[in-house]
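Each chain, written out:
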Amino acid sequence: MSILQVRDLHTQFFTQDGVVRAVDGVSFDLDQGETLAIVGESGCGKSVTAMSILRLIQAETGRIVSGSIKFEGRELTTLTEEQMRGIRGHDISMIFQEPMTSLNPVLTIGTQIAENVVRHLGVSWQEGLNRAQEMLELVKISDAKRRLDEYPHQLSGGMRQRVMIAMALACRPKLLIADEPTTALDVTIQAQILDLMLELKEKIDAAIVMITHDLGVVAETAQRVVVMYAGRKVEEATVGELFAHPMHPYTRGLMRAIPRLDIDAEAEGRRARLQEIPGMVPVLTQPIPGCAFAPRCPFATEKCTAERPPLVENRPGHIAACWHTDRVLEQAA
Amino acid sequence: MSDDKPSLEVRNLVKHFPIHGGLLQRQTGTVRAVDGVTFSIRRGETLGVVGESGCGKSTVGKTVLKLLEPTAGEILLDGVDVTDFSPGQMWSHRRQIQTVFQDPYSSMNPRMRAGDIVGEPLENFGLARGKAKDEQVASLFQRVGLRPENMRKFTHEFSGGQRQRLGIAKALAVNPEVIVADEPVSALDVSVQAQVLNLLIDLQEEYKLAYLFISHDLGVMRHISHRIAVMYLGRVVELTDKRTLFTRPLHPYTEALLSAAPVPDPARKRARRIILPGDVPSPAKPPSGCHFHTRCPYAIAECKTVDPKLLEVAPGHQVACIRRPVGTDFAPLTPTQ
């Protein structure tokens, strides 16, 4: 059953340089208990999509201009701020990349978790603290009772991210949005946190939207992937399908551009060249009539710059927005 | 790589930072950022230094550049011991060793034009000025894939990838032998990162540059390095050619590090992921004996007391682990806990 439906979402920012079309008509569904990864590079709109779902776009700079976001059938785009506050941290919660900036430095860990629990579940302060301790134990923080009285600066980066997860899950959310949750962490700590998230997801049965730039994280955590480029969804498929048959030239380019740690990229004893994607991402203040990737795409034709390609299901459950999918797949074969 | 003399050699390099505290700001402790590191790099070779935050990899880079004074040890540039050189003496050798930083933006004067930034070292070292300098800068711009027209622009007008090209052009300007590159592609998106890595490889082959390449990214390491040193809490725990490191790691930390990194291939079922318990201990209070014993799944009682030496346990394969003695077979160790 689908828990989240995003339809034709347009989020824009109004700057001195013009209107930035950060999210430019994105749609996707998320099933209960599913993990969906949204992957793309800086400025592709993946984080703005997440912020839009939680209605965290700052009104002074930007807003959702059109589209619909339905959570359990309830339209979120038209809710008041007060109604949204009842949802954030309760039904939908979020984990950010840098836990230090999202934790309050002058409140203890226990207070911060308990506050949320008391507010949303209406329990007593003591019950809130008990829940906080339970949650810290759940995220495998040793000596949880003592940690309740500690401040964020007393914890390491990995521990802070565990606290963020504890806080996010304390009210048993149905949907968890994780925005680059392990990007700031070292590899061995990243492994701990990803492991923990997957384990807890099973226990709590929450759906996860995983925002990341790292295809490695996608491969190891998600069931389905949405690839974004310049504010648009360019491809969507299950993880296995996407990695086995990437269909959009951007996705294919991205996969070949990654230096692999599991493969020796050598040709005749020399280090092989990585496949480059030439050029850079387009400026989003100018309307892009055709495919946003066309200027960097080896398959591009005149049609690509003139007409925006629709998302088409070319293989079962696998959609891509490209005029030349047949040529792309032919070349891959 | 025909030249036998290494471009850069480092022997038992130590860099300690004092910790001051209390009312009188007395020294209350020492951060052992680099604690006895030895390696050498030949012409045209990349030595990768990999490790997690606080392992001392960046301090190695800064000390080798003499941006930090080494506490002990020797640094040899093209056979010349520069360890005790004063800044003045170092100046004449500065040309031989240049650096590329992670964030070129913060290392460039925002009020200078790009062409002047790249040309500044040429002028400083008296290599070229005036029109000759401009011509050299233009050719450097072309070599790193920037249009010479952009020489008039300011750094904020460039994208992240272009700025990194500027940083590389500046480092190349004085024709160095060694380049210390500290996380040069970490701030870049994958598609741009590939462009910069390709450029670095091309330049290395063209000019036979020696790279000391510092990164936390194992994929980047496997791609660009010839040999790799793995650091943990100020020490090199394993050093070997990259193929051996990635296919037959011997040190338990290397093994855990490699197993922890997510691989972009859902079809590849990993043999087993080693999740290390806890965090990296503070380099101000490193554990006794082997620094890694507190998190090591294979630690035995002696690991707490014996300082493991970095030994060549197999041809070209150095490891600092008492459970991997000289002549070790590559068989997996049995966990002790």
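Residues numbered from 1 in each chain as written. Chains lettered and ligands numbered in written order. Predicted model: local features only at pLDDT ≥ 70, side-chain atom pairs only at ≥ 80, totals over all residues.

**Remarks on the overall build of chain A**
Item 1. Of regular secondary structure, chain A possesses 13 helices and 14 strands.
Item 2. Relative to the compact-globule value of 20 Å for 333 residues, chain A shows a C-alpha radius of gyration of 21 Å, a close match.
Item 3. By principal-axis analysis of the C-alpha atoms, chain A measures approximately 65 × 55 × 40 Å.
Item 4. When burial is assessed residue by residue, chain A has 49% of its 333 residues classed as buried.
Item 5. A fraction of 65% describes how many contacts in chain A between residues 6 or more apart in sequence connect residues 24 or more apart. (Helix = DSSP H or I, 4+ residues; strand = E, 2+ residues; numbered from the N terminus. Rg over C-alpha atoms; globule rule 2.2 N^0.38 Å. Buried ≥ 20, exposed ≤ 12 C-beta atoms within 10 Å, placed from the backbone. Contact = placed C-beta atoms within 7 Å.)

**Some words on the sheet that holds strand β7 (residues 178–182) of chain B**
Residue and element names in this part refer to chain B.
Item 1. Read across the sheet, eight strands follow the order β6-β7-β8-β3-β9-β10-β12-β11 without closing on themselves; strand pairing throughout is mixed. Single-partner strands in this sheet number two, and they are β6 (97–100) and β11 (311–314). Neighbour-to-neighbour, the strand axes of this sheet turn through a mean angle of 25°, independent of strand direction.
Item 2. Taken strand by strand, helix α9 (residues 252–260) contacts β9 (227–232) and β10 (235–241), and its axis lies near 100° from that of β9. (Pairing = 2+ DSSP bridges. Axes fitted to C-alpha atoms, helices over the stretch in contact; angles between N-to-C directions.)

**Re the nonpolar core**
One recurring pattern in soluble globular proteins: nonpolar side chains tend to sit buried together.
Item 1. Ranked by size, the top nonpolar core spans 186 residues in total, and within it Ala166(A), Val225(A), Leu212(B), Val230(B) and Val236(B) carry the most contacts.
Item 2. For this core, the leading source of residues is helix α7 (residues 157–169) of chain A, giving eight residues.
Item 3. Formed jointly, this core draws a minimum of three residues from each of two domains, domain 1 (1–91 + 173–261 + 272–333) and domain 2 (102–171) of chain A.
Item 4. Ignoring any residue separated from it by four or fewer positions in sequence, one finds Val225(A) in contact with Ala37(A), Val39(A), Val218(A), Glu236(A), Ala237(A), Val239(A) and Leu242(A). (Core = buried A, V, L, I, M, F, W, Y, C linked by C-beta atoms within 7 Å. Domains from an automatic or database assignment.)

**Comments concerning the domain arrangement of chain A**
Residue and element names in this part refer to chain A.
Item 1. On domain assignment, one finds that chain A holds domain 1 (1–91 + 173–261 + 272–333) and domain 2 (102–171).
Item 2. Each of domain 1 and domain 2 was reduced to a C-alpha centroid, and the two centroids are 30 Å apart.
Item 3. Opposite the 14 residues of domain 1 that make contact, domain 2 presents 13 residues.
Item 4. It is helix α8 (residues 187–204) that contributes the most residues to the side of domain 1 that touches domain 2, seven residues altogether.
Item 5. Class assignment for the residues of the side of domain 1 that touches domain 2 results in eleven nonpolar, three polar and no charged. (Nonpolar A, V, L, I, M, F, W, Y, C, P; charged D, E, K, R; others polar.)

**Regarding the UniProt feature "domain: ABC transporter" (unreviewed entry) in chain B**
Item 1. Here, UniProt's "domain: ABC transporter" (unreviewed entry) annotation points to residues 8–258 of chain B.
Item 2. In residues 8–258 of chain B, the share of helix is 37% and the share of strand is 28%. The end C-alpha atoms are 27 Å apart. (UniProt positions renumbered as here; feature names shortened; annotations may be inferred.)

**Points about the packing of helix α11 (residues 249–257) of chain A against helix α6 (residues 190–207) of chain B**
For any two helices packed against each other, the geometry is given by the interaxial angle and the distance between the axes.
Item 1. Two elements in contact, α11(A) and α6(B), have axes whose closest approach is 9 Å; the angle formed by their N-to-C orientations is 45°. Compared by their axis directions, α11(A) and α6(B) come out oblique. Our pair here, α11(A) against α6(B), has a crossing hand that is left-handed. Side by side, α11(A) and α6(B) meet where Gly253(A), Leu254(A) and Ala257(A) of the first sit next to Val190(B), Ser191(B) and Ala194(B) of the second.
Item 2. Residues belonging to the contact of α11(A) with α6(B) are distributed by class as follows: four nonpolar, two polar and no charged. (Parallel < 35°, antiparallel > 145°, perpendicular 65-115°, else oblique. Left-handed = near helix turned anticlockwise from the far one by under 90°.)

**Some points on the sheet that holds strand β5 (residues 74–75) of chain A**
Residues and elements named next belong to chain A.
Item 1. Across the sheet, four strands lie side by side as β2-β1-β4-β5; this open sheet has antiparallel pairing. Two strands in the sheet have a free side with no partner beyond their single neighbour: β2 (18–31) and β5.
Item 2. When strand β4 (residues 62–71) meets β5, the two strands line up antiparallel, connected through two bridges. Residue pairing across strands places Phe71 opposite Arg74, the latter belonging to β5.
Item 3. Here helix α1 (residues 46–53) sits on the sheet in contact with β1 (2–15), β2 and β4, set at roughly 70° to β2.

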